[in-house]
Amino acid sequence: MAENKRVAYFNGEIVPEEETRVSIWDAGVRSGEWVFESTRTFNHKCFRLRHHLERLYASMKVIEIDPGMTIDEMEQITLEVLELNLATIAANDDFMFSHDVSRGMSKPFNLGPNDTYERTIIITYLPMGPFSHGYVDSLVNGVHAVIPPQQTIPARLLDPKMKNRNRIHYSTGARQAARIDPKANAIFLDEDGYLTEGGGANFLIVKGRDVISPEPRNILRGVTRGAIQDWAPRLGLNFVERNIEAYDVHTADEAFFTSTPYCVMPCVKLDGAPIGDGKPGPVTGELMGAFSEELGVDVIEQARQLAEPFMESPPKGSRPY
C-alpha cells in the first residue's frame, strides 16, 4: 500500500479509503439509523477526542446500537489509523476525521423480516487543507447569518443531542439561506421561535462579558461549545444558557458560531442587519486566541496557509462536519 494513499477503519479491518462502501441494505441508508462524530487534529494531536467518543457512545446508547467494542478500544483504533495516515498530509496540515456507526446490514425484504442487523463502523480521515478555503475569509471578517423558513426538528421528535445523519432540514435551510446570500450561514428556529443552532455549528451571542448560548434542550451540545463553557471562568467570562430570540441577536454586542473545523467564527450580520458594529468583536477574538494558545496553533493563520493553494480552484465536495 502506497504511503500517499489514505486508509480507513471499516468493520474490523484497515482498508484503502476507497474500499469503504455501505450497502443499500444498510439500516443507516434505509432508515437513517446512523450516528457519527466529526473530530480534528491540531499539530497532528486530536482535540478532545475523548469528549467526542463519549458523545458517540451516548448517541449509540440512545439509538440502541452495540458497537462491539469498548470506548477505550475505539480510541486506540482511532489513534492507530491516525498514525497510519500521517504520511499522507503535509507537515503543516491536519486531519478532519469522522466516526460513523449505523445499525448495519439488514435482511433484504425477500429474505425474511427486516429485523436482523450487523453494525457498520467506519473511521475515515481527510486533510484540512482542501476545506479551509471554505471558511478562512469568514474567520477573519465574519459571516452573515440568515434565519431560513425551515425550522429545526424538535427534540421531542428527533433529539439533536444524539448526533445523527438525519440532516435534510439543515440542507434545506442552508439552500434557503444561500438564496439570500450565497455565503450566509443558516440559524434555525425551534417551534417556539427561539434560535437553536446552525447546520453543523452552535451559535452564541455576547453581551458585555456574558457569553450566551441557547438552552441545550433543542441543540447539539457541541464539544467546541463545551470547551468555551469550561474555559469561561479563567477568561473572566460568564457562560449563560437561556432562550435567545432574533431580537437578542440584533441587540447583542457580538455573535459567533462554534464548530470543530474552525473553533470560533465571528458572525457580523443577522438577516442583513449588523450585529454590534458589524465587525468581529473583542470577546470573539479572545476566545479564538484562547483556542490558539491551548492548541499550540494559530488557528486563523493555519487556515489561511492551508487554504491558499485552493483559492484559485476550490475543491468540490461537502463540508467535513
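Quick caveat: nothing in here was measured; it's all calculated off a predicted structure.

Calculation rules
- Residues numbered from 1 in each chain as written.
- Predicted model: local features only at pLDDT ≥ 70, side-chain atom pairs only at ≥ 80, totals over all residues.
- Heavy atoms only, no water.
- Pairing = 2+ DSSP bridges.
- Helix = DSSP H or I, 4+ residues; strand = E, 2+ residues; numbered from the N terminus.
- Expected span 1.5 Å × (residues − 1).
- Buried < 20%, exposed > 50% of the residue type's maximum accessible area, 1.4 Å probe, protein only.
- Arc of directions from axis to C-beta.
- Contact = heavy atoms within 4.5 Å.
- Phe/Tyr/Trp six-rings, centres within 6.5 Å; stacked < 30°, edge-to-face > 60°.
- Lys NZ or Arg CZ within 6 Å of the ring centre and 35° of its normal.
- Salt bridge = Lys/Arg side-chain N within 4 Å of Asp/Glu carboxyl O.
- Axes fitted to C-alpha atoms, helices over the stretch in contact; angles between N-to-C directions.
- Parallel < 35°, antiparallel > 145°, perpendicular 65-115°, else oblique.
- Nonpolar A, V, L, I, M, F, W, Y, C, P; charged D, E, K, R; others polar.
- Core = buried A, V, L, I, M, F, W, Y, C linked by side-chain atoms within 4.5 Å.

1. A look at the sheet that holds strand S5 (residues 95–105)
Reading across from one edge, S2-S1-S6-S5-S3-S4 is the order of the six strands in this open sheet, with antiparallel pairing throughout. Two strands in the sheet have a free side with no partner beyond their single neighbour: strand S2 (13–16) and strand S4 (45–46). Bridge analysis of strand S1 (residues 7–10) against strand S6 (residues 118–127) gives two bridges, and the strand direction is antiparallel. In the strand pairing of S6, Tyr 9 is matched with Ile 123.

2. Regarding helix H6 (residues 168–180)
The first and last C-alpha atoms of H6 sit 19 Å apart over 13 residues, in line with the 18 Å expected at 1.5 Å per residue. Buried within H6 are the following residues: His 169, Tyr 170, Gly 173, Gln 176 and Ala 177. All buried residues of H6 lie within an arc of 130° about the axis, which places them on one face of the element. Exposed and oriented more than 90 degrees from the buried face of H6 are Ile 168 and Arg 179. Where H6 is buried, its residues touch strand S7 (143–146), strand S8 (185–189) and strand S9 (195–198).

3. With respect to the packing of aromatic side chains
Under the counting rule described, the total for this entry stands at eight aromatic pairs. Following the ring pairs from residue to residue traces out a cluster consisting of Phe 42, Phe 47, Trp 231 and Phe 291. The ring of Phe 36 has Arg 165 lying over it, and the distance from NZ or CZ to the ring centre is 3.5 Å.

4. Examining helix H10 (residues 299–307)
An α-helical turn contains 3.6 residues, so any two residues separated by three or four positions project in the same direction. The complete set of buried residues in H10 reads Val 299, Gln 302, Ala 303, Leu 306 and Ala 307. Each buried residue of H10 sits inside an arc of 125° when the element is viewed along its axis, so together they form one side.

5. Observations regarding the pattern of salt bridges
Applying the stated criterion across every chain, the model contains 17 salt bridges. A salt bridge links Glu 301 to Arg 304; its shortest N-O distance comes to 2.6 Å. Separated by three residues within a single helix, Glu 301 and Arg 304 lie in helix H10, roughly one turn from each other. By relative accessible area, which is 29% here, Glu 301 ends up partly exposed.

6. Structural notes on the packing of helix H7 (residues 223–231) against helix H9 (residues 282–295)
The contact between H7 and H9 brings their axes to 11 Å, and the two run at 95°. Between H7 and H9, the crossing angle belongs to the class labelled roughly perpendicular. On H9, the residues touching Thr 224, Ala 227, Ile 228 and Trp 231 of H7 are Leu 287, Ala 290, Phe 291 and Glu 294. Of the residues assigned to the contact of H7 with H9, the class counts are six nonpolar, one polar and one charged.

7. Considering the nonpolar core
Among the nonpolar cores identified, the biggest contains 50 residues, and Phe 203, Val 211, Phe 257 and Phe 291 are the most heavily contacted of them. Ranked by residues supplied to this core, first place goes to H9 with six residues. Among the nonpolar cores identified, the runner-up in size contains 24 residues, and Leu 49, Ile 71, Ile 121 and Ile 123 belong to it.

8. A short note on the environment of Arg 242
By the secondary structure assignment, Arg 242 is in the loop between strand S12 (238–241) and helix H8 (246–250). With 17 residues separating them along the chain, Arg 242 and Arg 225 place their C-alpha atoms 14 Å apart. Aside from chain neighbours lying at most four places away, what touches Arg 242 is Ile 212, Ser 213, Pro 214, Glu 215 and Asp 248.

So yeah, pure geometry; function would need other evidence.
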